[in-house]
Amino acid sequence: MRARLVAALVAVFSLVVLVRAGHAEPPPPMESRPLDEVLAALKASKADKATLSAVRWYAEVAHGTTLQAPVGSSKNTLGAWGDNGALMASESALNGCAPMEPAEAKAAAALLKEYGDALAPTLRGAALAQQGKVEDAAALYRSMVLTTSSPDGPCPSEHPMYSHRRIGRLQLLIACVKRWQPKADHARLEVQLQKAQSCAANNHAVG
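Quick caveat: nothing in here was measured; it's all calculated off a predicted structure.

> Before we move on, can you summarise the nonpolar core with the specific residues and values?
Counting 51 residues, the largest nonpolar core has W57, L94, M100, Y141 and W180 as the members making the most contacts within it. Among the elements of the structure, α2 (35–44), α3 (49–60), α4 (85–92), α5 (102–115), α6 (121–130), α7 (134–146), α8 (160–180) and α9 (187–201) are those that each provide at least two residues to this core. In terms of residue count, the dominant contributor to this core is α8 (eight residues).

Printed below as a string of structure tokens:
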């Protein structure tokens, strides 16, 4: 059951990203590409380990089978506007770091062992937690949240799409930390989220 739900999340994720972005900039014409063809193109172009590991996680852990890419773009393109659609969909499919099914946990552990620090921090943390290393996972995610920006600093000047993506990632990271450390003090994490939400609400510079 969970595998089917994850697959459904992955299937709609690219569309959600494009709809959000469409408020300010229309997306380019997109097409669906088989993931095995994308992986083959990445290997042929000698893509870096971070990119390869994210696409493999998307296939082997999140059960993705296709990627959306702009029509006419190279076969190793992972999304519109230079996005890594495989990584974003994999993060979305983490579902608040709920326990994985055994086969997914095994695949995640194998990718962590193979790629180590090259694996994206969000995926690395999830893999660590599945191995029972929740303190290490929580420390990694806390660090990511607390280094997002200075709560007292200025809001970043950026496209609104990126402001909303930041909120989504912070919400994921904080939800995972709360799952792993339910009795810990999460106040500093919440401050970071509130700052990001305030910046997004007042971001009228682009769009």
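> Before we move on, can you summarise the side chain of R33 with the specific residues and values?
Inspection of the secondary structure assignment puts R33 in strand β1 (residues 30–34). The contacts of R33, once residues within four sequence positions are left out, are V38, T65, T66, L67, A69, P70, G72, S73, S74, K75 and T77.

> Could you give an account of the packing of α7 against α9, naming the residues involved and the relevant values?
Where α7 meets α9, the axes come as close as 9 Å, and the angle between the chain directions of the two elements is 40°. Between α7 and α9, the interaxial angle falls into the category oblique. Crossing of α7 against α9: the hand is left-handed. Each of R142, V145 and L146 in α7 lies in contact with α9, whose residues at this interface are R188, L189 and Q192. Across the contact of α7 with α9, the residue classes tally to three nonpolar, one polar and two charged.

> Go over the confidence of the model for the protein chain with me, naming the residues and quoting the values.
As a note on interpretation, predicted positions should not be read in detail where pLDDT is low. Residues of the protein chain with pLDDT of at least 70 account for 86%, and the chain-wide mean is 87. Counted against residues more than four places away or in other chains, residues 1–23, with its pLDDT under 50, gives 35 contacts.

> Give a description of the state of the cysteines that names residues and reports values.
Each disulfide consists of one covalent bond between the sulfur atoms belonging to two cysteines. Scanning the entire structure with this criterion turns up two disulfides. Here C97 pairs with C176 through a disulfide, and the sulfurs are 2.1 Å apart. In this structure, the disulfide formed by C97 and C176 twists by about 80° around the S-S bond and is classed as right-handed. Here C97 is found in the loop between α4 and α5, whereas its partner C176 is found in helix α8, with 79 residues between them in sequence.

> Help me get a handle on the environment of S92, residues and values and all.
By the element assignment, S92 lies in helix α4. Distance in space between the C-alpha atoms of S92 and L172 is 8.1 Å, their sequence separation being 80 residues.

> How would you sum up the packing of aromatic side chains? Please name residues and give values.
One pass over the structure, following the stated rule, counts one aromatic pair. A ring pair is formed by Y141 and W180, whose centres lie 5.0 Å apart and whose planes are at 45°; its orientation type is tilted. Of the two residues, Y141 is situated in helix α7 and W180 in helix α8; the sequence distance between them amounts to 39 residues. Since its relative accessible area comes to 0%, Y141 is described here as buried.

> Give me α5: which residues, what numbers.
Between its first and last C-alpha atoms α5 spans 20 Å; for 14 residues at 1.5 Å apiece the expected length is 20 Å, and the two agree. Among the residues of α5, those classed as buried are E104, A105, A107, A108, L111, L112 and Y115. Projection of α5 onto a plane perpendicular to its axis shows the buried side chains occupying an angular sector of 160°, all on one side. Residues of α5 that are exposed and point more than 90 degrees away from the buried face comprise P102, A103, K106 and K113.

Here is what the cut-offs are and how they apply
Residues numbered from 1 in each chain as written. Predicted model: local features only at pLDDT ≥ 70, side-chain atom pairs only at ≥ 80, totals over all residues. Heavy atoms only, no water. Core = buried A, V, L, I, M, F, W, Y, C linked by side-chain atoms within 4.5 Å. Buried < 20%, exposed > 50% of the residue type's maximum accessible area, 1.4 Å probe, protein only. Helix = DSSP H or I, 4+ residues; strand = E, 2+ residues; numbered from the N terminus. Contact = heavy atoms within 4.5 Å. Axes fitted to C-alpha atoms, helices over the stretch in contact; angles between N-to-C directions. Parallel < 35°, antiparallel > 145°, perpendicular 65-115°, else oblique. Left-handed = near helix turned anticlockwise from the far one by under 90°. Nonpolar A, V, L, I, M, F, W, Y, C, P; charged D, E, K, R; others polar. pLDDT = per-residue confidence, 0-100. Disulfide = S-S within 2.5 Å. Phe/Tyr/Trp six-rings, centres within 6.5 Å; stacked < 30°, edge-to-face > 60°. Expected span 1.5 Å × (residues − 1). Arc of directions from axis to C-beta.

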